[in-house]
There are 2 protein chains.
Amino acid sequence: MSFLQHLESIVGQVDGAIACSVMGFDGIAVETHQAPAAAAQTASLELTTAWVEYANILSQLKSAAETLKTGAIAEVSVNSDNLITLMRMVTPEYFLVLGLKPTGNYGKARYVLRITAPKVKNEL
Amino acid sequence: MSFLQHLESIVGQVDGAIACSVMGFDGIAVETHQAPAAAAQTASLELTTAWVEYANILSQLKSAAETLKTGAIAEVSVNSDNLITLMRMVTPEYFLVLGLKPTGNYGKARYVLRITAPKVKNEL
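Numbering of residues starts from 1 in each chain and follows the order in which that chain's sequence is written. Chains and ligands are labelled sequentially in the order written, the chains with letters from A and the ligands with numbers from 1. The predicted nature of this model means local features are confined to residues of pLDDT at least 70 and side-chain atom pairs, given and counted, to a pLDDT of 80 or more, with totals for whole chains, interfaces and linings taken over all residues. The basis for every side-chain value is the complete set of heavy atoms in the structure, and neither hydrogens nor water enter the calculation.

Caption draft 1: Structural context of the overall build of chain A. Numbering goes from the N terminus for both helices and strands, where a helix is a DSSP run of H or I of at least four residues and a strand is a run of E of at least two. A count of helical and extended segments in chain A gives three helices and five strands. Between the two quantities, the radius of gyration covers C-alpha atoms and the globule rule is 2.2 Å times the number of residues to the power 0.38. For 124 residues, the compact-globule estimate of 2.2 N^0.38 gives 14 Å, and chain A sits close to it at 13 Å. Dimensions of chain A along its principal axes, counting C-alpha atoms only, are 40 × 35 × 25 Å. Whether two residues are in contact is decided by their heavy atoms: any pair within 4.5 Å suffices. Put simply, of all contacts in chain A between residues at least 6 apart along the chain, 60% involve residues at least 24 apart.

Written as C-alpha cells, this is what we have:
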C-alpha cells in the first residue's frame, strides 16, 4: 500500500473528514488526500496554511517533551470553530495530520489515526 | 463559587485527573487544584513546567488562528506517553488546563471542561 491509499482509507472511514496528509516537521507535506466533496469548500483552502503553522508548533512541543518528563508526544489536537485538526506522530521526522469539520466524528478520527500510524511508519 | 471549587469539581468528576488550573497565556496559574492521590506522583511534579511551555504554545496557536480562517481556538490537547493535557479557552486572556493519566477518561475530561469553562468565565 502506498501512502496515498492509507490517506484515502483514513478520509473514507471518518465522517466529516476534509483532508489528510503525511507531513514532515518542516511543514512540507509528503502526500495529501482531500475528500472529493471538500475540494470546493473554503475550509480546505485554508488547511495547508494552518498545517504549516501547526507543524511548527508540533515541532516545538516535541522539543519541549524531550526536556520535560511527560514522555514522547503521541497525539495533538487543535479544535477551532471551523476546523478540528488531529496530528499523530509517525516517526521523529513525520506525522499524520487530519482535518475534520467541527461536526465530524472526533473519536473515530483518533482511533483511525492511531491504527494507521504504524502502517504508514512501515513504509517510511 | 470560587475558581477553586470549579477546579475541585473538574478533578473530582474525571477519572485519572491529576491536576487542574486556571492559567493566563503568560504561563502564570491563577489557581490550581491537585488530586490528593496525585500529590506524591512524579507526574504532578512535572506538570507546572509542562504547562508553562504549553501556555506559550497555546498563545502562538491563538495568534495563528487570528490570521488563518479556521476560527477561534476552542480546545487543544497534547497526549504524551505519561500525561494527557487538555486546554480549553475561557477568555482571550485565560484558559483551563487539566492533566490526566494516560489511562484517564479523556471523553469525560473534554465534556467537563467544555461545560465548566463558561462558569469560570462568569467569575473572571
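Caption draft 2: Fine view of the relation of the copies chain A and chain B. For these two chains of identical sequence, chain A goes onto chain B by a turn of 180° and a shift of 0.0 Å along the axis, with RMSD 0.0 Å. Classification of the inter-copy transformation places it as that of a two-fold axis. For chain A, the smallest separation between a C-alpha atom and the rotation axis is recorded for S77 of chain A, amounting to 2.6 Å. Most of the interface of chain A is mirrored in chain B, where 100% of its interface residues again form contacts. Here the copies were fitted onto each other by least squares, based on C-alpha atoms from residues at pLDDT of at least 70 in both.

Caption draft 3: Quick look at the pattern of salt bridges. All names here are of chain A. A pair is scored as a salt bridge if a Lys or Arg side-chain nitrogen falls within 4 Å of a carboxyl oxygen belonging to Asp or Glu. Within the structure shown, the criterion is met by four salt bridges over all chains. Across the salt bridge formed by R110 and E75, the nearest N and O atoms sit 2.9 Å from each other. Placement of R110 in helix α3 (residues 106-121) and of E75 in strand β3 (residues 73-80) is noted, with a sequence separation of 35 residues between them. Exposure is judged per residue with a 1.4 Å probe applied to protein chains only, and the accessible area is read against the type maximum: over 50% gives exposed, under 20% gives buried, and values in between give partly exposed. Look at R110 and you get partly exposed, because its relative accessible area is 22%. Relative accessible area serves as the criterion here: at 2%, E75 is assigned to the buried category. Among the ionic contacts, a cluster of salt bridges with common partners joins E75, R88 and R110.

Caption draft 4: View of the sheet that holds strand β2 (residues 29-34) of chain A. Note: two strands are recorded as paired if DSSP finds a minimum of 2 bridges between them. The sheet built from 10 strands is open, its strands ordered β2(A)-β1(A)-β5(A)-β4(A)-β3(A)-β3(B)-β4(B)-β5(B)-β1(B)-β2(B) with antiparallel pairing. Sheet topology places β2 of chain A together with β2 (29-34) of chain B at the edges, where each strand pairs with a single neighbour. Across this sheet, the average inter-strand angle for adjacent strands is 10°, counted without regard to direction. Bridge count between strand β3 (residues 73-80) of chain B and strand β4 (residues 84-89) of chain B: five bridges; the pairing is antiparallel. The residue bridging V76 of chain B from the neighbouring strand is M87 of chain B, located in β4 of chain B. Axis lines are fitted to C-alpha atoms, over the contacting stretch for helices. Their N-to-C directions set the angle, which ranges from 0 to 180 degrees. Its contacts with the sheet put helix α1 (residues 3-13) of chain A on β1 (17-24), β2 and β5 (94-100) of chain A, and the angle it makes with β2 of chain A is roughly 40°.

Caption draft 5: Focus on the interface of chain A and chain B. The interface is formed by 27 residues belonging to chain A together with 27 residues belonging to chain B. Two parts lose some accessible area (1.4 Å probe) when they are put together, and adding that loss for both gives the buried area. Here chain A meets chain B over a buried area of about 2600 Å², counting both sides, of which 58% is carbon and sulfur. For the interface between chain A and chain B, the tally reads zero salt bridges. Here a polar contact is recorded for every N or O atom pair within 3.5 Å, except that within protein the pair must consist of a potential hydrogen donor and a potential acceptor, and residues adjacent in sequence are included only if both atoms are side-chain atoms. Between chain A and chain B we count 13 residue pairs in polar contact (both at pLDDT 80 or more) in total.

Caption draft 6: Looking closely at the nonpolar core. To define a nonpolar core, start from buried Ala, Val, Leu, Ile, Met, Phe, Trp, Tyr and Cys residues and group those joined through side-chain atoms within 4.5 Å. F95 of chain A together with F95 of chain B are the most contacted members of the largest nonpolar core, which has 46 residues in total. Those residues in contact with F95 of chain A, other than ones at most four positions away along the chain, are S21, V22, M23, G24, F25, A55, L58, M87, R88, M89 and V90 of chain A.

Caption draft 7: Representation of the packing of α1 of chain A against α3 of chain A in the model. Residue and element names in this part refer to chain A. Relative to each other, α1 and α3 sit at 165°, their axes nearing to 10 Å. By the angle between their axes, α1 is roughly antiparallel relative to α3. In this structure, α1 meets α3 at a crossing whose hand is right-handed. Here α1 contributes F3, H6, I10 and Q13 to the contact with α3, which in turn contributes K108, V112, L113, T116, K119 and V120. Throughout this entry, Asp, Glu, Lys and Arg are counted as charged residues, while Ala, Val, Leu, Ile, Met, Phe, Trp, Tyr, Cys and Pro are counted as nonpolar. The remaining residues, Gly among them, count as polar. Split by residue class, the contact of α1 with α3 holds five nonpolar, three polar and two charged. By the definition adopted for this analysis, an angle is roughly parallel if under 35 degrees, roughly antiparallel if over 145, roughly perpendicular if from 65 to 115, and oblique otherwise. In this scheme the crossing of two helices becomes right-handed for a clockwise turn of the near helix relative to the far one and left-handed for an anticlockwise turn of less than a right angle.

Caption draft 8: Structural view of the confidence of the model for chain A. All names here are of chain A. Scored by pLDDT, chain A has a mean of 88; 92% of the residues are at 70 or more. pLDDT measures the predictor's confidence residue by residue and takes values from 0 up to 100. Least confident of the elements in chain A is helix α2 (residues 42-67), whose mean pLDDT is 79; most confident is α3, at 96. On the interface metric, ipTM, the complex scores 0.88, and its pTM is 0.90.

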